[in-house]
Amino acid sequence: MYRNDMGLISPKDLKKYRSKVGISQRDLAEITGLSPNTIALYEAGEFPAVANNRMLKSLFSNDDVLKEYLIENGNQYS
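Residues numbered from 1 in each chain as written. Predicted model: local features only at pLDDT ≥ 70, side-chain atom pairs only at ≥ 80, totals over all residues. Heavy atoms only, no water.

S.K.: Even after reading the chapter, I still don't get the pattern of salt bridges, so can you show me in this structure?
M.R.: One side chain can pair with another of opposite charge once the charged atoms of both are near each other. Counted by the stated rule, this structure contains one salt bridge. Linking E43 and R18 is a salt bridge whose minimum nitrogen-to-oxygen distance equals 2.4 Å. Here E43 is found in helix α4 (residues 36-44), whereas its partner R18 is found in helix α2 (residues 11-21), with 25 residues between them in sequence. Residue E43 is classed as buried on the basis of its relative accessible area, which comes to 7%. (Salt bridge = Lys/Arg side-chain N within 4 Å of Asp/Glu carboxyl O. Helix = DSSP H or I, 4+ residues; strand = E, 2+ residues; numbered from the N terminus. Buried < 20%, exposed > 50% of the residue type's maximum accessible area, 1.4 Å probe, protein only.)

Right, dumping it as structure tokens:
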């Protein structure tokens, strides 16, 4: 309930997003500039920092930006 009230991404939504775009935790970490450990913690239920939450929500809301990035750098990611 707190997570929804504060507008925080959920672990389920983060996993679902990664699955949808087909990238690993490590890839998402590299793309966003976060550490792989941070992504893993968020997926395990840790509350994201305000700035990180904002960035991830922005990424979720516009797949085109990520898709373009992956196309341009596709050989680097799984």
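S.K.: Is there a simple way to explain the packing of helix α3 (residues 25-32) against α4 in this structure?
M.R.: The description of two helices packed together rests on the angle between their axes and the distance between the axes. Relative orientation of the contacting elements α3 and α4 amounts to 120°, with a least axis distance of 8 Å. For the crossing formed where α3 meets α4, the hand is right-handed. For the pair α3 and α4, the contacting residues are Q25, R26, L28, A29 and T32 in the first and P36, I39, A40 and E43 in the second. In terms of residue class, the contact of α3 with α4 is made up of five nonpolar, two polar and two charged. (Axes fitted to C-alpha atoms, helices over the stretch in contact; angles between N-to-C directions. Left-handed = near helix turned anticlockwise from the far one by under 90°. Contact = heavy atoms within 4.5 Å. Nonpolar A, V, L, I, M, F, W, Y, C, P; charged D, E, K, R; others polar.)

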